[in-house]
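What follows is the residue order along each chain.
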Amino acid sequence: MGITGLAVTLIFISIGLLAPALANENPLVCKYDGKIYAPAIKDLLHANLPYVGKMLFPHSAPFHLVTFNFKKRMNSERGDWVLWTPVPHGELKTSEHNLAAPSRSHWLGTDEVGRDVLARMIHGARVSMMVGFISVGISTTIGLLLGALAGYFAGWVDILISRLIEVVMCFPVFFLILTILAIDPRPSIWKVMIVIGITTWTGAARYVRGEFIRLRDSEYSIAARALGARPLRIILRHLLPNALAPLFVTVTFGIAAAILLESALSYLGVGVQPPQPSWGNILQSGFANMMTATHMIYPPAIAIFLGVLSYNLVGDALRDAVDPRLART
Amino acid sequence: MRRYPARALRFGSTLRSFAALAALVCLPLAAGCDSGKDAPESAGVAARTSEDAGTGDATSPPTIPASGAGAESAAPKPASSTPEASTTAAAILPGAYDPAKDPLVNRRSTYETASAAAGQIAEDETLYRVLDGNPRNMNAILASSTYEFNVNDALYDGIFTFDAEMRWRLNDVTVESFEESPDHLTYRVKLRSGLVWHDGQPFTAHDVVFSYQSVMDDRVKCPAQRTGTEELADVVAIDDLTVEYRHKQALPTSCWNALFSIIPKHIYEKDKAQNPDLESGEYNNRMNRAPIGNGPYKFVRWVENDKIEMVRWDEYPGPKPHFKRMIFRIVPDPNIMLLSFNKQDVDEFRMTSKQFATQTGPGDDFAKVGYKIRAPQYDLVYICWNMDGSNPFFGDVRVRRAMTHACDIPRMIKQLCYDLVLPSHGIYHRDSWMFNPEIKLIPYDLAAAEKLLDEAGWIQDAERDGWRHKVIDGQPVKFEFTLLIPQASTTGKEMAAIFQEDLKSIGVDMRTTIMEWATFQERIRKHEFQAQTAAWGTGVDPDTTWNVWHSSSYEKSGETGRNYGGYRNARVDELFLQGRHEFDHKKRQAIYREIAKIIYDEQPYVFMWHRDILWAVHKRIRGVTTSPRGVFNFYPSFAAWWVHMDEKKY
């Protein structure tokens, strides 16, 4: 199960990373007016490695123009040829065919303004994966830091941080995020990630704190202290590497929770700002059309289900792997 | 002294408490092609108009079905007489739907008045209506959202009201006679004697004065009522049955300022010393949840978030409504409304254009139970530009006109609104008397848009990235702005997606931000936006648009002003002032027509469309009338609805 989960997870991550080259209204490679261009690959590089992308493709006129439309300008008599991306539609490209059922040109159909649902799903995967990783990155960093301090120094530092953890745990995270985003004049996906990050670090912090309390009095930690090592060195060099493995479990569960949270927020219209797609807002427009265009409900619902399930499976497997009691039997 | 005898009316004149919201302003709504679920209206509802609103304009005959109480109704569009031409396609694509060919739309029976069927009316029927939210309470003067007005309309009766054509009128259930002083400054109303509240206590001039004082009391939170009421100098009880309204100014529109709701003094004065807001405290809370009114229906029961029941008041002094019971079911979601309607759990609901066009065809469950109503509505969906100088783009009329050229309104109407809206010719609806037939629509034309932007100095630089830039103070500024969309908007996101793509193709970068309604309103009131989209409901008089277009309304924004975008035109200001003081209808018409033309030419908004009234009613229901403001909240609306004995259901 863990392996299957890992496989699905990796597929989703690669879809997310490769989104601009999988679904794009511009060609993967093409010849236009005697020159060869690769606008979708440029988009891919630009999306994942902004600086490298700029260095490799500084000016590829006319594709650098936002107003350039290759489909209209292509002229095969001149020798132009084109290799489209697997899904030859941009996630924002509207068309006259709205709410069309799945067909050969639109594998998962189209939405209210004729945008390709599959293209939006692919770009939505990028958003979901990004939200998962970045928000959990933030929460794990905070959790690690505070948990390590509390566990290592104990005493009043521990009391203070533990109470802080308890206070933050008391916040109904979902409603807190809703409130913050509702009053925010400029909601954005980055703020969603940050808010998820700074409200969900308590699990990681408690985990790390527990590990540190256990490891603090271990022989090698006492030995390091006897040799005169500073607390920072002991924490970073000796304790942290040993406390890290079980943390991955909370990370994977955290990613699953963050994906679900982002979908819920986008479903309610406060997460990812349209027209940017996310699984949550695709599901929302599917729900609004549930009587007439059912084809819009299943893809995001299944994707959210699979995404969250696979991360949970990976988390489960990791937990089993690092649990010494299970390992012994 | 002019003297108006109380007119004898067929259905009795019940003052709709909705009308009592004599707010001077248009009602802000979330945009979309569907009226959908409106966010609570914080600033109330305009109810001011001239008495001759909507009639007799030869150039644009009104297409509102029933012309006033008792008039013979006819379906507004005889389209329903061609049922054989109906389409039976299961999934109707947008653009393929033609309401004129839909056999369920505007059936003659729906509009048939009760007068034709005396003696054959089922008098013990139940009407199940829909509320799209749970009311806060049922105190008539504290109401602020549509669902609260809908409930209060049945429970309370007042002194003045207005009809389907937005003509101001007396409520002759309560009024015996009415006198207006020659200087138009005082109205003297003589109440009928023997009027009582639902609990048997007498209804007198002191109730009216108490209500006026409560509305004007700062401790009572009723901004929707206060907006118009504060234009009155005073309301005085001369004796138990005579009440005098004193105006501050003699204006053709001042009659609309006296429409505040009436609440029972004997109930609400008891706890006024302790809880002057009429809201807090155990006693007020109890009374607000089990209200004592004087309207045609008596309150029975309220099951929170589920339903409100009321029953016809047998001692009602006016002509009684035909339904014995009226039950409001609280259904917040349009999909569920349709399902409940198909199951015959509710008898009416407001439809989305998608439901109207694609889910209620001849083959659907809907066709077995209901008919559809479609009629013009004077609201306006728009995109407002901020022209107050806070951004470098929209102060220039060429830029604004270019934006309109780039907005593919015909496509949006076809694709998002299923052709169920009317393209807007500016601030006034095509059927209203203020409409100026000289206005020519600005067409969708990207080439023209590009030309105008070039002229305005927004140049597309081929060496850069293709976005338009303009050099301002030596720095190139990118044409990039953010459109605010309220979250309640049904089609705002989709509309923006289309607009955004067109703008991108001419090098303009539009971003969008979705906002919760209260935050959205706060932002636009403080003018903290570059562009925003929403909708205006209509007031009953064009003077209500003063708040949106007069330059003084910019500074007053947030209180009474609604000139969010900072539109300024000296000629428009002057015309609005003239229009406010002009009693002659022909001259007023010329004034407002000129205003409409000037404003359309300057395009402070992209004037998108006017949404039609799209309503579903059960097949057995007759006697429906529509006003440019909707199906309810005018006289007589639901009070004229009836069911034929042979079609009785309950």
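Because the structure is a prediction, the values reported are computed rather than measured.

Participant: Honestly, the environment of B:Pro332 in this entry has me stumped. Any pointers?
Facilitator: All names here are of chain B. As for its placement among the helices and strands, Pro-332 is situated in the loop between strand E12 (323-330) and helix H7 (334-342). Overall, the relative accessible area of 47% leaves Pro-332 in the partly exposed class. In this structure the C-alpha to C-alpha distance between Pro-332 and Asp-132, which are 200 residues apart in sequence, comes to 4.2 Å.

Participant: Would you take a moment to explain the packing of helix H5 (residues 117-153) of chain A against helix H6 (residues 155-170) of chain A for this structure?
Facilitator: How two helices pack is summed up by the angle between their axes together with the distance between the axes. Residues and elements named next belong to chain A. Look at H5 against H6: their axes get within 7 Å of each other, and the N-to-C directions meet at 145 degrees. Our pair here, H5 against H6, has a crossing hand that is left-handed. Of H6, the residues touching H5 (which contributes Leu-146, Leu-149, Ala-150 and Phe-153) are Gly-155, Val-157, Asp-158, Ile-161 and Leu-164. Taken together, the residues that form the contact of H5 with H6 break down as seven nonpolar, one polar and one charged.

Participant: Explain the sheet that holds strand E19 (residues 475-478) of chain B to me, please; I cannot follow it from the model alone.
Facilitator: Pairing between the strands of a sheet is mediated by backbone hydrogen bonds and can be parallel or antiparallel. Taken in spatial order, the three strands make up an open sheet running E17-E18-E19 (chain B), and their pairing is antiparallel. The two strands at the open ends of the sheet, each matched to only one other strand, are strand E17 (459-460) and E19 of chain B.

Participant: Hey, could you run me through the pairing of strand E24 (residues 613-618) of chain B in this one?
Facilitator: Successive residues of a regular strand alternate their side chains across the two faces of the sheet. Residues and elements named next belong to chain B. Among the six residues in E24, six count as buried, and that is most of the element. Judged by which residues are buried, E24 turns out to be covered on both faces: Ile-613, Trp-615 and Val-617 on one side and Leu-614, Ala-616 and His-618 on the other are all buried. As paired elements, strand E14 (residues 370-375) and E24 share six bridges and run antiparallel to each other. The residue of E24 that forms the bridge with Gly-370 is His-618.

Participant: Just to check I follow, could you spell out a nonpolar patch on the surface for this structure?
Facilitator: A contiguous nonpolar patch, built from A:Tyr298, A:Ile302, A:Phe305, A:Leu306 and A:Leu309 and spanning about 500 Å² of accessible area, is present on the exposed surface. Here A:Tyr298 lies in helix H13 (residues 298-322).

Participant: Would you mind showing me how to read the pattern of salt bridges here?
Facilitator: Any two side chains of opposite charge can pair, so long as their charged atoms come close to each other. Residue and element names in this part refer to chain B. Counted by the stated rule, this structure contains 55 salt bridges over all chains. As a salt-bridge pair, Arg-374 and Asp-612 come within 2.7 Å of each other at their nearest N and O atoms. One end of the pair, Arg-374, is in strand E14; the other, Asp-612, is in the loop between strand E23 (605-611) and E24, and 238 residues separate them in sequence. As far as burial versus exposure is concerned, Arg-374 and Asp-612 are alike and both buried.

Participant: Could you clarify how one ought to interpret helix H12 (residues 279-288) of chain A in this entry?
Facilitator: A turn of α-helix holds 3.6 residues, and therefore any two residues three or four places apart point the same way. Judged by how many residues are buried, H12(A) sits mostly within the fold: seven of ten residues are covered. Close packing links the buried residues of H12(A) with helix H1 (2-22), H5, helix H11 (231-267) and H13 of chain A.

Participant: Just to check I follow, could you spell out the nonpolar core for this structure?
Facilitator: Generally speaking, soluble globular proteins have nonpolar side chains that are buried together. All names here are of chain B. With 77 residues, the main nonpolar core has Ile-159, Phe-160 and Tyr-245 as its most contacted residues. In terms of residues, this core owes the most to one element, helix H3 (residues 205-216), which gives six residues. Phe-393, Ile-409, Trp-433 and Leu-484 belong to the second largest nonpolar core, which has 76 residues in total.

Participant: I keep staring at the packing of H5(A) against H13(A) and nothing clicks. Help me out?
Facilitator: Residues and elements named next belong to chain A. With their axes 12 Å apart at the nearest point, H5 and H13 run at an angle of 30 degrees to one another. For the crossing formed where H5 meets H13, the hand is right-handed. Residue-level inspection shows Met-121, Met-129 and Phe-133 of H5 in contact with H13, the latter providing Pro-299, Pro-300, Ala-303 and Tyr-311. Residues of the contact of H5 with H13, tallied by class, amount to seven nonpolar, no polar and no charged.

Participant: What is the right way to read unusual backbone geometry from this model?
Facilitator: Peptide bonds are mostly trans, and most non-glycine residues show a negative phi. The amide bond that connects A:Pro274 to the next residue, A:Pro275, takes the cis arrangement and shows omega of 5 degrees. Residue placement: A:Pro275 occurs in the loop between H11 and H12. In this structure, the amide linkage connecting B:Tyr635 to the following residue, B:Pro636, adopts the cis form with an omega of 0 degrees. The topology assignment puts B:Pro636 in the loop between strand E25 (621-622) and strand E26 (642-643). In this structure, B:His184 is a non-glycine residue whose phi angle is positive, near 60 degrees. Here B:His184 lies in the loop between strand E6 (175-180) and strand E7 (186-191). A positive phi angle, close to 55 degrees, is found at B:Tyr418, a residue other than glycine. Structurally, B:Tyr418 can be placed in the loop between helix H11 (409-415) and strand E16 (421-423).

Definitions and limits used
- Residues numbered from 1 in each chain as written.
- Chains lettered and ligands numbered in written order.
- Predicted model: local features only at pLDDT ≥ 70, side-chain atom pairs only at ≥ 80, totals over all residues.
- Heavy atoms only, no water.
- Helix = DSSP H or I, 4+ residues; strand = E, 2+ residues; numbered from the N terminus.
- Buried < 20%, exposed > 50% of the residue type's maximum accessible area, 1.4 Å probe, protein only.
- Axes fitted to C-alpha atoms, helices over the stretch in contact; angles between N-to-C directions.
- Left-handed = near helix turned anticlockwise from the far one by under 90°.
- Contact = heavy atoms within 4.5 Å.
- Nonpolar A, V, L, I, M, F, W, Y, C, P; charged D, E, K, R; others polar.
- Pairing = 2+ DSSP bridges.
- Patch = residues over 30% accessible without salt bridge, like charges linked within 9 Å, V, L, I, M, F, W, Y side chains within 5 Å.
- Areas by Shrake-Rupley, 256 points an atom, 1.4 Å probe, with all protein chains shown as cover.
- Salt bridge = Lys/Arg side-chain N within 4 Å of Asp/Glu carboxyl O.
- Core = buried A, V, L, I, M, F, W, Y, C linked by side-chain atoms within 4.5 Å.

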